[in-house]
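Overview (structure and organization)
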Amino acid sequence: MTTTKPSAAETAATIGANRDQLIQKHPWLVDQSLSKRDWMAMERQFYQATFKRSLVMERGQGVRVYDDNGREYLDLVAGIATNVLGHAHPNVVRAIQQQASQLIHVSNLYINERQVELAEALYDLSGGMRSFFSNSGAEANEGAIKLARKFGRVNRNGAYEIISMDRSFHGRTLATTSATGQQKYQDTWRPLADGFKQVPFNDLDALKAATTEKTAGVLIEAVQGEGGIYPASTEYMQGLRAWCDEHNLILICDEVQAGMGRTGKFFSWEHMGIIPDIVTMAKGLAGGVPIGAMLAAKRADIFEPGDHGTTFGGNPIACAAGLATLRTIVGEGLVEHAAEMGDYLHGRLEQLAQKHDIITGTRGLGLMRAFDLSEARAQDIMDRALERGLLITNAGLSTIRFVPPLIIQPSDLDEAIEKLDAAFSAL
Ligand SMILES: Cc1ncc(COP(=O)(O)O)c(C=O)c1O
């Protein structure tokens, strides 16, 4: 039997018809982003119900974001302390673009230049700690927990337990959930991972009483974020450092939210005059590109080849964005700016508290601030602020939290206070 070969035109027609059928079956194969779609309905249909969301964000510029209807918002949430340079900062955009055209990803089987450059910058800023990069805060804390366990195994007769704090937050993996001192994040997932216990924050006697021969280290946020913006006292942190030294324990500071200059110092523990053994970072480290970092001082720097690893962690794009972010923060004096803006915001929040009785107390450090409400109405305030074009977030039912970009200016803060004032008046 002879078969006739299809002509080029026939082949092209067949491919075209097949492709049309394919697209009909899988419409996402082609880019439909130019058409207006019902994003909220699509989210309900295609995305797991882990978040409760009612707003579609389309683009951002500086301290402003814009929804899919073009409505502008003053963004004091900043990706929950992540967009430290605001949105679309030209230095970060340029670094990502340049790196994307050079090398997007390479395995950690090989050295990538941006990774060691970012590690060099963090070594300098931390006073000599070496880095390991991951993709998130939880992962950075996982690395820290493993390193502390190795330290306990090698140097403290197999000790493995980590003591963390009530009201703390360290992430959503099973180990970091086990370290998180808030029942609402833990209850559904019991049994939790072994080897974690919590004690009251700022209470040295409680920590001493909880320390046993099984204790390998202590994990703490020097300024608690998710728990409601509570700074540790200097006296407590110094006592904690001395206790860890005396008992050969590893002190881990979780700087995922409080680091990167947010509190008016590059690391929040600098306020308390201590130096931890391990530091974890994420959120703002790459200006919005996913990254995590686990830094170890010499005493704790005991990982060996094969102990730990990651596919994406320290990826060239994330590290290029991280370098651009650090160069901008340090080079443009944004840590000092955060301290100044923090004082300004604090003053304005105090004024607001005097005007509205429902505000019961303001607290915080630098651009990490909060106030409490006498009723569980944080959501009402956030809703009313949103109606007025202001994005703020909460920490629990009756605390409002402010973690704006470090580039924020007094005029932005004045505008935010004006909108908040109107939101409270509308309660
Ligand atoms: C102090 C702290 N640690 C860890 C995490 C977890 O970070 P990620 O969400 O990047 O895993 C967070 C997140 O909010 C945090 O605030």
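As the structure is a computational prediction, the values presented were derived from the model and not from experiment.

A few words on the nonpolar core. What tends to happen in soluble globular proteins is that the nonpolar side chains get buried as a cluster. Counting residues in each nonpolar core, the largest one holds 80 residues, and the members touching the most others are M237, M281 and I392. In terms of residue count, the dominant contributor to this core is helix α12 (residues 334-355) (eight residues). Counting contributing residues per domain, this core is built from domain 1 (57-87 + 334-425) and domain 2 (90-331), each supplying no fewer than three. Residue contacts for M237: discarding those within four places in its chain leaves I220, A222, A232, C253, M272 and I274. Formed by 16 residues, the second largest nonpolar core is a distinct cluster that contains A148, I252, A296 and A300.

Before going further, it helps to spend a moment on the pattern of salt bridges. Proximity of charged atoms lets side chains of opposite charge pair with each other. Across all of its chains, the model carries 23 salt bridges by this definition. With a closest N to O distance of 2.9 Å, D68 and K36 form a salt bridge. Residue D68 is located in the loop between β2 (64-67) and β3 (72-75), and its partner K36 is located in the loop between α1 (8-25) and α2 (39-46); the two are separated by 32 residues in the primary sequence. A salt bridge links E72 to R64; the nearest nitrogen and oxygen atoms lie 3.3 Å apart. The exposure class of E72 is partly exposed, given its relative accessible area of 39%. Residues joined in a network through salt bridges with shared partners are R64, E72, D412, E415 and K419.

A few words now on a nonpolar patch on the surface. On the surface, a nonpolar cluster with roughly 350 Å² of combined accessible area is contributed by L22, W28 and L29. Looking at the secondary structure, you find W28 in the loop between α1 and α2.

Attention shifts here to the packing of aromatic side chains. A complete count under the given rule lists seven aromatic pairs for this structure. Just above the ring of Y47 sits the side chain of R53; from NZ or CZ to the centre is 5.0 Å.

Rules behind the numbers
Residues numbered from 1 in each chain as written. Predicted model: local features only at pLDDT ≥ 70, side-chain atom pairs only at ≥ 80, totals over all residues. Heavy atoms only, no water. Core = buried A, V, L, I, M, F, W, Y, C linked by side-chain atoms within 4.5 Å. Buried < 20%, exposed > 50% of the residue type's maximum accessible area, 1.4 Å probe, protein only. Helix = DSSP H or I, 4+ residues; strand = E, 2+ residues; numbered from the N terminus. Domains from an automatic or database assignment. Contact = heavy atoms within 4.5 Å. Salt bridge = Lys/Arg side-chain N within 4 Å of Asp/Glu carboxyl O. Patch = residues over 30% accessible without salt bridge, like charges linked within 9 Å, V, L, I, M, F, W, Y side chains within 5 Å. Areas by Shrake-Rupley, 256 points an atom, 1.4 Å probe, with all protein chains shown as cover. Phe/Tyr/Trp six-rings, centres within 6.5 Å; stacked < 30°, edge-to-face > 60°. Lys NZ or Arg CZ within 6 Å of the ring centre and 35° of its normal.

Note that every value here comes from positions in space, so none of it alone points to a role or purpose.
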